[in-house]
Amino acid sequence: MYHDLSKGEKKIARAAIDKGLETEFKLGMEKFETILKDWRAGKFESNKDAYHKLFKAISDKDKAIGRRYDGLTGGRYLITVAGIYKDGYISEEDIEGFSEHTKAIIQFWLEQ
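Residues numbered from 1 in each chain as written. Predicted model: local features only at pLDDT ≥ 70, side-chain atom pairs only at ≥ 80, totals over all residues. Heavy atoms only, no water.

*Asks:* How would you explain the side chain of glutamate 9 if you had to name every residue and give the values?
*Replies:* You can see glutamate 9 is positioned in helix α1 (residues 7-40). One buried charged residue, glutamate 9, remains without a salt bridge, the closest side chain of opposite sign being lysine 103 at 8.7 Å. Setting aside chain neighbours within four positions, we find glutamate 9 in contact with His3, Asp4, Phe98, Ser99 and Thr102. (Helix = DSSP H or I, 4+ residues; strand = E, 2+ residues; numbered from the N terminus. Buried < 20%, exposed > 50% of the residue type's maximum accessible area, 1.4 Å probe, protein only. Lys, Arg positive; Asp, Glu negative; His and termini not counted. Salt bridge = Lys/Arg side-chain N within 4 Å of Asp/Glu carboxyl O. Contact = heavy atoms within 4.5 Å.)

Structure representation (structure tokens):
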């Protein structure tokens, strides 16, 4: 189901997307920090194991962020907002400025 956002709704969507992206960066950094704490605490058999786990975590997060946000255009704003809303990176407060119709479309997608 395609839905064109108004100029005002695109502004709301961009703000929500920016917030979602920042949240994803924060969660990634927290995960990386946990791996480093485990390394410092000697919970890995070798430095190589710790390095590979950290590298994989960074690579996986980078790919996930890239899939969602790279090349994002206005036509994909709404589906992106729905995705980050579903994942809990933004709240209902972040989408309250959307029209009732737009919110209904988001809700429809979330129920699929």
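*Asks:* Provide a residue-level description of the confidence of the model for the protein, including the pertinent values.
*Replies:* Confidence along the protein averages 96 in pLDDT terms, with 99% of residues attaining 70 or more. Helix α5 (residues 100-111) is the least confidently modelled element of the protein, averaging 94 in pLDDT, while helix α2 (residues 47-69) averages 98, the highest of any element. (pLDDT = per-residue confidence, 0-100.)

*Asks:* How would you summarise the packing of aromatic side chains if you had to cite specific residues and measurements?
*Replies:* Applying the stated criterion across every chain, the model contains 1 aromatic pair. With 6.4 Å between their ring centres and 10 degrees between their planes, tyrosine 51 and phenylalanine 55 make a pair best called stacked. A residue pair is termed a helical-turn pair when its members lie 3 or 4 positions apart in one helix, as tyrosine 51 and phenylalanine 55 do in helix α2 at 4 residues. An identical accessibility class is assigned to tyrosine 51 and phenylalanine 55; each is exposed. (Phe/Tyr/Trp six-rings, centres within 6.5 Å; stacked < 30°, edge-to-face > 60°.)

*Asks:* An account of helix α3 (residues 77-86) is requested, with residue identities and associated values reported.
*Replies:* Counting buried residues in α3 gives 7 out of 10 residues, a clear majority hidden from the surface. Buried residues of α3: Tyr77, Leu78, Thr80, Val81, Ala82, Gly83 and Ile84, and no others. In this structure, the buried side of α3 is in contact with α1, α2, α4 (92-95) and α5. Just beyond α3, the residue with positive phi is glycine 88, at close to 85 degrees.

*Asks:* Quick rundown of the pattern of salt bridges? Include the residues and the values.
*Replies:* Scanning all chains against the criterion turns up 9 salt bridges. Linking lysine 19 and aspartate 94 is a salt bridge whose minimum nitrogen-to-oxygen distance equals 3.0 Å. One end of the pair, lysine 19, is in helix α1; the other, aspartate 94, is in helix α4, with 75 residues separating them in the sequence. Owing to a relative accessible area of 19%, aspartate 94 belongs among the buried residues under this scheme. A salt bridge links glutamate 33 to lysine 37; its shortest N-O distance comes to 4.0 Å. Within this pair, glutamate 33 and its partner lysine 37 are both found in helix α1, separated by 4 residues, close to a single helical turn. Relative accessible area serves as the criterion here: at 41%, glutamate 33 is assigned to the partly exposed category.

*Asks:* Go over α1 with me, naming the residues and quoting the values.
*Replies:* For α1, spanning 34 residues, the distance from its first C-alpha to its last is 49 Å, which sits close to the expected 50 Å at 1.5 Å a residue. For α1, the set of buried residues is Glu9, Ala13, Ala16, Ile17, Gly20, Glu24, Gly28, Phe32 and Ile35. Packing partners of the buried residues in α1 comprise α2, α3, α4 and α5. Immediately beyond the C-terminal end of α1, within one or two residues, lies glycine 42, with a positive phi of roughly 75 degrees. (Expected span 1.5 Å × (residues − 1).)

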